[in-house]
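Listed here are the chains, written in short residue letters.
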Amino acid sequence: MDSLAPAAGTAAQRQAMVRVEGVGKIYPGGTEALRGADLAIAPGEFVCLLGASGCGKSTLLRIVAGFEKATAGAVFVANREVTGPGPDRGMVFQDYGLFPWLTVRRNIGFGPAVRGLPKQEVAHIADRFVAMVGLDRFRDSYPHQLSGGMKQRVAIARVLANNARVVLMDEPFGALDAMTRERLQEELLAIWASAGLTVIFVTHSIEEAIVLADRVVVMSPGPGRIVADRRIGLPRPRDVSSPEFNDIRRALGSLLHSDHAPAPGH
C-alpha cells in the first residue's frame, strides 16, 4: 500500500464520526478565513490538520468544537449538526486552560461534577484518569506546581473524563521542549488507541503530523482551503529517521509549500 495515498472518500463519508460539508468562515470586516472545507473522519481515526499560521486550521477546529459559527456549510458529529459546544467534543489548547485554583484531581473531575454526577462517581472518574496520564503523585498539586508537560496531561485527562467522543487538539505540544513533546506524542497515541478516540489534531509540524496521524489534511492559506488529504500507511511506532518517513516528509512539504496543490483525493 502507498504510504502517502489519497484518503478514501465515499466509505468514510457514509460512516463518519465527523463530517465537514462546504464549511466557510468570513469574519466581520470581510476577512475570509476558510473556504469550502469538506472532510469526513471515521470513528477512531486520528487526523492531523497541517498548515502554516493563518491557513484556517484552528478556525476549522473551533467550528467543529462549536466555539465559532460557520458562515457557509455545516458540521455534523455522529450525524447531528453542530450548533454549539457539547460534551461529545473536548478541546485541548496549547495554553492548557486549567483552573489554577483547582488541584489536578479536581480539574480532571470538573466536567463530571458539573454534569451532576454523584461525588463518589466523580472521585472514581477523576482517579481513573489521573492514573491514565501517570500523575498519581501529583493528584493534589495545583497547576502552578506542574511542568508544562504535566499540565498538558491534565488537560487531556480532563477532556477524557468528560466522556468526549471526539478530541480536538489545537497545537497542544507547541510550547513544549522537544523531549517532552516526543514523550507526550507517544502517550497520546497510547491513550488514543486504548480509548478508541476520534482525534483532530492541529499542527504546523510536518514531522509531528506524520508521527501521529492516520491521515494528514494539508491546508493552504488565503483563504484557508483543504488542498490535500493523505493517508499515512506507515506502521506504528514510526521511525523519523527511516527513508519511508522522510519520503513522506518531502512529499507533504512539497504540498504544503506549493501554490498549485492538488485537490483532495488527487
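Structure: see above.
Residues numbered from 1 in each chain as written. Predicted model: local features only at pLDDT ≥ 70, side-chain atom pairs only at ≥ 80, totals over all residues. Heavy atoms only, no water.

## A look at the pairing of strand β10 (residues 215-220)
Okay, step 1: The buried fraction of β10 amounts to six of the six residues, a majority that puts the element mostly inside the structure.
Okay, step 2: In β10, alternate side chains face the same way, and those of Arg-215, Val-217 and Met-219 on one face and Val-216, Val-218 and Ser-220 on the other are all buried.
Okay, step 3: The pairing of strand β4 (residues 46-50) with β10 spans four bridges and is classified as parallel. Opposite Cys-48, over in β10, you have Val-216 as the bridge partner.
Okay, step 4: Note that β10 and strand β11 (residues 225-232) share six bridges and pair antiparallel. Within β11, the residue paired with Ser-220 across the bridge is Arg-225. (Buried < 20%, exposed > 50% of the residue type's maximum accessible area, 1.4 Å probe, protein only. Helix = DSSP H or I, 4+ residues; strand = E, 2+ residues; numbered from the N terminus. Pairing = 2+ DSSP bridges.)

## Here we look at the nonpolar core
Okay, step 1: Core analysis: the biggest nonpolar cluster contains 53 residues, and Phe-46, Ile-108, Phe-201 and Val-218 have the highest contact counts within it.
Okay, step 2: Here this core gets eight residues from one element, more than from any other, and that element is helix α6 (residues 148-161).
Okay, step 3: Once you skip the residues sitting within four places of it in the chain, Val-218 turns out to touch Leu-50, Arg-225, Ile-226, Val-227, Ala-228, Leu-252, Leu-255 and Leu-256.
Okay, step 4: Leu-60, Ala-65, Leu-168 and Ile-200 belong to the second largest nonpolar core, which has 27 residues in total. (Core = buried A, V, L, I, M, F, W, Y, C linked by side-chain atoms within 4.5 Å. Contact = heavy atoms within 4.5 Å.)

## Remarks on the packing of helix α5 (residues 119-132) against α6
Okay, step 1: Close contact between α5 and α6 brings their axes to 9 Å; oriented N to C, the two are set at 140 degrees. What the angle tells us is that α5 and α6 run oblique. Judged by the sense of rotation from one axis to the other, the crossing of α5 with α6 is right-handed. Residues Ile-125, Phe-129 and Met-132 of α5 lie in contact with α6, whose contacting residues are Ala-157, Leu-160 and Ala-161. (Axes fitted to C-alpha atoms, helices over the stretch in contact; angles between N-to-C directions. Parallel < 35°, antiparallel > 145°, perpendicular 65-115°, else oblique. Left-handed = near helix turned anticlockwise from the far one by under 90°.)

## Some details on the packing of aromatic side chains
Okay, step 1: Evaluated as defined, the whole model comprises six aromatic pairs.
Okay, step 2: Aromatic side chains Phe-99 and Trp-101 sit 5.2 Å apart centroid to centroid with 35 degrees between the ring planes, which places their arrangement in the tilted category.
Okay, step 3: By relative accessible area, which is 22% here, Phe-99 ends up partly exposed.
Okay, step 4: On the basis of relative accessibility, which here comes to 58%, the residue Trp-101 falls in the exposed class.
Okay, step 5: With centroids separated by 4.6 Å and ring planes inclined at 55 degrees, the aromatic side chains of Phe-99 and Phe-110 adopt a geometry described as tilted. Remark: Phe-110 occurs in helix α4 (residues 110-114) and Phe-99 occurs in the loop between β7 (89-93) and α3 (104-108); sequence separation between them is 11 residues.
Okay, step 6: Joined through ring pairs, the aromatic side chains of Phe-46, Phe-173, Trp-192 and Phe-201 make up one cluster.
Okay, step 7: The ring of Phe-76 has Arg-19 lying over it, and the distance from NZ or CZ to the ring centre is 4.5 Å.
Okay, step 8: Here Arg-158 stacks its cationic end above the ring of Phe-99, 5.2 Å away from the centre of that ring. (Phe/Tyr/Trp six-rings, centres within 6.5 Å; stacked < 30°, edge-to-face > 60°. Lys NZ or Arg CZ within 6 Å of the ring centre and 35° of its normal.)

## Structural notes on the pattern of salt bridges
Okay, step 1: Scanning all chains against the criterion turns up 15 salt bridges.
Okay, step 2: Between Asp-127 and Arg-105 there is a salt bridge, and its shortest N-O distance comes to 2.6 Å. One end of the pair, Asp-127, is in helix α5; the other, Arg-105, is in helix α3, with 22 residues separating them in the sequence.
Okay, step 3: Among the residues examined, Asp-127 registers a relative accessible area of 26% and is labelled partly exposed.
Okay, step 4: Two residues, Arg-153 and Glu-187, come together in a salt bridge whose shortest N-O distance is 3.3 Å. Here Arg-153 is found in helix α6, whereas its partner Glu-187 is found in helix α7 (residues 178-195), with 34 residues between them in sequence.
Okay, step 5: Several salt bridges converge on common partners, so that one network encompasses Glu-45, Arg-215, Asp-229 and Arg-231. (Salt bridge = Lys/Arg side-chain N within 4 Å of Asp/Glu carboxyl O.)

## A short note on the pairing of strand β9 (residues 198-203)
Sheet faces and side chains relate simply in a regular strand, where the side chains alternate between the two faces.
Okay, step 1: For β9, a buried count of six out of six residues is recorded, marking the element as mostly surrounded by other parts of the structure.
Okay, step 2: Side chains of β9 alternate between two faces, with Thr-198, Ile-200 and Val-202 and Val-199, Phe-201 and Thr-203 buried alike.
Okay, step 3: The pairing of β4 with β9 spans five bridges and is parallel. Counted as the bridge partner of Leu-49 is Val-202 from β9.
Okay, step 4: The pairing of strand β8 (residues 166-170) with β9 spans five bridges and is parallel. Within the sheet, the bridge partner assigned to Met-169 lies in β9 and is Phe-201.
Okay, step 5: In this view, the connection linking β8 to its parallel neighbour β9 by way of α7 has right-handed handedness. (Right-handed = clockwise from strand over helix to strand, strands pointing away.)

## Some thoughts on unusual backbone geometry
Negative phi characterises most residues that are not glycine, and trans characterises most peptide bonds.
Okay, step 1: For the bond running from Arg-236 to Pro-237, omega is -5 degrees, close enough to zero to count as cis.
Okay, step 2: Within the secondary structure, Pro-237 is located in the loop between β11 and α9 (243-257).
Okay, step 3: The backbone of Asn-79 sits at a positive phi, close to 70 degrees, despite the residue not being glycine.
Okay, step 4: As for its position among the elements, Asn-79 is in the loop between β5 (72-77) and β6 (80-81).
Okay, step 5: Positive phi, normally seen in glycine, also occurs at Tyr-96, with a value near 75 degrees.
Okay, step 6: Positionally, Tyr-96 belongs in the loop between β7 and α3.

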